[in-house]
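Single-letter residue listing:
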Amino acid sequence: MKKIIAATMALVMAASMTACGSVESSSSKSAGAKVTSQSMTEAVTTAVTKMAATEEITMVHLAGGWSALSGDTSLSANKNAKYAFEKATETLTGMEYEPLAVIGTQVVAGTNYCILCRGRATVPDAVPTIELLYIYEDLQGNSEITNSSTIIDSEVLDGGWSANNGDIEIAKNDDVKKAFEKASETITGAALEPVAYLGSQVVAGSNYLLLCKSTAAVPGAEAGYALVTVYAGVDGTDEISDISDIMFGEYGSAEDTTEEEVSTEGRNDQIANPWAGYETVEEAAKAAGIEFTAPEKLSSGEIYLVQAMK
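Residues numbered from 1 in each chain as written. Predicted model: local features only at pLDDT ≥ 70, side-chain atom pairs only at ≥ 80, totals over all residues. Heavy atoms only, no water.

Overview of the overall build of the protein chain
The condition that has to hold: By the criteria applied, helices consist of DSSP H or I runs no shorter than four residues and strands consist of E runs no shorter than two, each listed in order from the N terminus. Exposure categories follow from relative accessible area, calculated using a 1.4 Å probe and restricted to protein chains: below 20% of the type maximum is buried, above 50% is exposed, and the middle band is partly exposed. Contacts between residues were defined by any pair of non-hydrogen atoms, one from each residue, lying within 4.5 Å. Throughout, the Shrake-Rupley method with a 1.4 Å probe supplies accessible areas, and for residues the shown protein chains are the sole cover considered.
For the protein chain, the count of helices and strands is 5 helices and 16 strands. Every one of the 310 residues in the protein chain was classed for burial, and the buried ones make up 45%. Counting contacts in the protein chain only where the partners sit at least 6 residues apart, residues at least 24 apart contribute 63% of the total. Accessible surface computed for the protein chain: about 15,500 Å², of which carbon and sulfur atoms make up 50%.

Here it is, written out as C-alpha cells:
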C-alpha cells in the first residue's frame, strides 16, 4: 500500500489567508508568554486533505523538530523527563519548581523537554508563577535548565491573572469544570481535552485559564497543546474566549505578548474557531470574499476538507 505524507490544501487556504491576514491576538489582561493564537500560516499547515481510499496517511516529524506528548503527561509516567528534571533542578537556588505536566520533547544531540511547572521564589510568602521550563539532557545524562516561558507571573495586579495555588485537576475545581464543559459544547473544528487548571482572573465574572490538549477535527490530525481561556459571566454565560497554541521553543514573559484592548465586559471576544467548511472551492472563494481558482482534486485523491474564513 502506497504511503503519503498528509498534505495541506495550500491553494485554497492561502487565498483565504490573503484576504484575512493574521488572527494572532491576545487580551491586554490575558495570560501568556510567547504563546500566541494561531496565525493564518499555521492554520494552513493544520488543514489536512484526504487522498484516495487505497492510500495510507502518515504524519511525520521533521528531524530536530518538537513533538507534543500524546500520552500521560505526568512526570511519574515519563521517567526520562523525570530524571532530567530532577538532575537539572537539584542544585537550583533562589527558585523552586513543581512539575505539573510534560508536554513536549525534541531529539537533538540529546533531548530537550518542555515541562509545565509551578514556580516559587524561595522567600517567605512568595507568590507562585506558571511557567514552561525547558530542560536539556545531553548524551552523557547531564541536564540543565536552558530557558523558560512565563504564562502567569508572580506580580498580582488588580484585574490581572493569579496562578492556581491548589490542585490543577479540573475535576477538583468544580466551578472551572462546569464552565469549561458548558463553554466547550459549541466548539467546532477541534477537540479540547483539559490537562491542567492554571489560574484565574476576576473581570465582570471570571476568566479561567486551562492547559488543554487540542486536536483538529480532521482525519490523521495530531494533538498539540493550547492555553484556553474560559469566561464565566455573572449572568451564567460560559464561553471560550481565547485559544492560544503553545509554540515550543519560543521564550519570553507576559510583557512580550502582543496586546489588544478587551471588550467592556473585560474579556476577549475572539472567535474560537474562525474556519468554516464548504462543499466546493467555489463556495469557499465566495465566502472568503475574493476570486481565485484551485483544483478540485490533488493528484489522484479527492479533496476531503475545504475551508475558508471571512
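Some thoughts on helix H3 (residues 79-89)
Under the convention used in this document: Within this analysis, the arc is defined by the directions that extend from the helix axis to the C-beta atoms.
Every buried residue of H3 is accounted for by Ala81, Ala84, Phe85, Ala88 and Thr89. In a view along the axis of H3, the buried residues occupy a sector of 110 degrees, so they form one face of it. Counted as exposed and oriented over 90 degrees from the buried face of H3: Lys79 and Asn80. Where H3 is buried, its residues touch strand E4 (95-108), strand E5 (110-121), strand E6 (129-137) and strand E7 (143-152).

So, helix H4 (residues 174-183)
Of the residues making up H4, those classed as buried are Val176, Ala179, Phe180 and Ala183. Along the axis of H4, the buried positions cluster into a sector of 95 degrees, meaning they face one direction only. Looking at the buried side of H4, the elements it contacts are strand E9 (190-203), strand E10 (205-216), strand E11 (224-233) and strand E12 (238-245).

Focus: the sheet that holds E5
Rules: Pairs of strands are assigned from DSSP output, requiring at least two bridges between the strands. An axis is simply a line fitted to the C-alpha atoms; with a helix, the fit covers only the stretch in contact. Between two such axes, the angle follows the N-to-C directions and lies from 0 to 180 degrees.
On the basis of which strands lie adjacent, the open sheet formed by 5 strands has the order E3-E4-E5-E6-E7 and antiparallel pairing. Of all the strands in the sheet, the pair left with one neighbour each is strand E3 (66-68) and E7. Averaged over all adjacent pairs, the angle separating strand axes in this sheet is 35 degrees, with direction ignored. As defined by bridge partners, E5 adjoins E6 across 9 bridges and the pair is classed as antiparallel. Counted as the bridge partner of isoleucine 115 is leucine 133 from E6. Contacting E4, E5, E6 and E7, H3 runs over the sheet at an angle of about 100 degrees to E6.

Thoughts on the packing of aromatic side chains
Heads up, the condition is: By convention, a stacked pair of Phe, Tyr or Trp rings (six-membered ring in the case of Trp) has centres within 6.5 Å and planes under 30 degrees apart, an edge-to-face pair has planes over 60 apart, and any other such pair is tilted.
Taken as a whole, this structure holds 3 aromatic pairs when the rule is applied. Ring plane angle 80 degrees and centroid distance 5.6 Å describe the contact between tryptophan 66 and tyrosine 134, whose orientation is recorded as edge-to-face. Of this pair, tryptophan 66 sits in strand E3 while tyrosine 134 is found in strand E6, placing the two residues 68 residues apart along the sequence. Seen from their ring centres, tyrosine 197 and tyrosine 208 are 6.1 Å apart, and the 80 degrees between their planes marks the pair as edge-to-face.

Focus: the environment of proline 295
Among the secondary structure elements, proline 295 is positioned in the loop between helix H5 (281-288) and strand E14 (297-298). Sequence spacing of proline 295 and valine 281 is 14 residues, and the spatial spacing of their C-alpha atoms is 8.0 Å.

A word on the nonpolar core
Rules: What we call a nonpolar core is a set of buried Ala, Val, Leu, Ile, Met, Phe, Trp, Tyr and Cys residues that are connected through their side-chain atoms within 4.5 Å.
Ranked by internal contacts, the top residues of the largest apolar core, which has 35 residues, are Ile103, Leu116, Ile151, Leu198 and Leu211. With 6 residues, E4 is the largest single contributor of residues to this core. Look past the residues within four positions of leucine 198 in its chain and what remains in contact with it is Leu116, Ile130, Ile151, Ile152, Ser162, Ala163, Asn164, Leu209, Leu210, Leu211 and Leu227.

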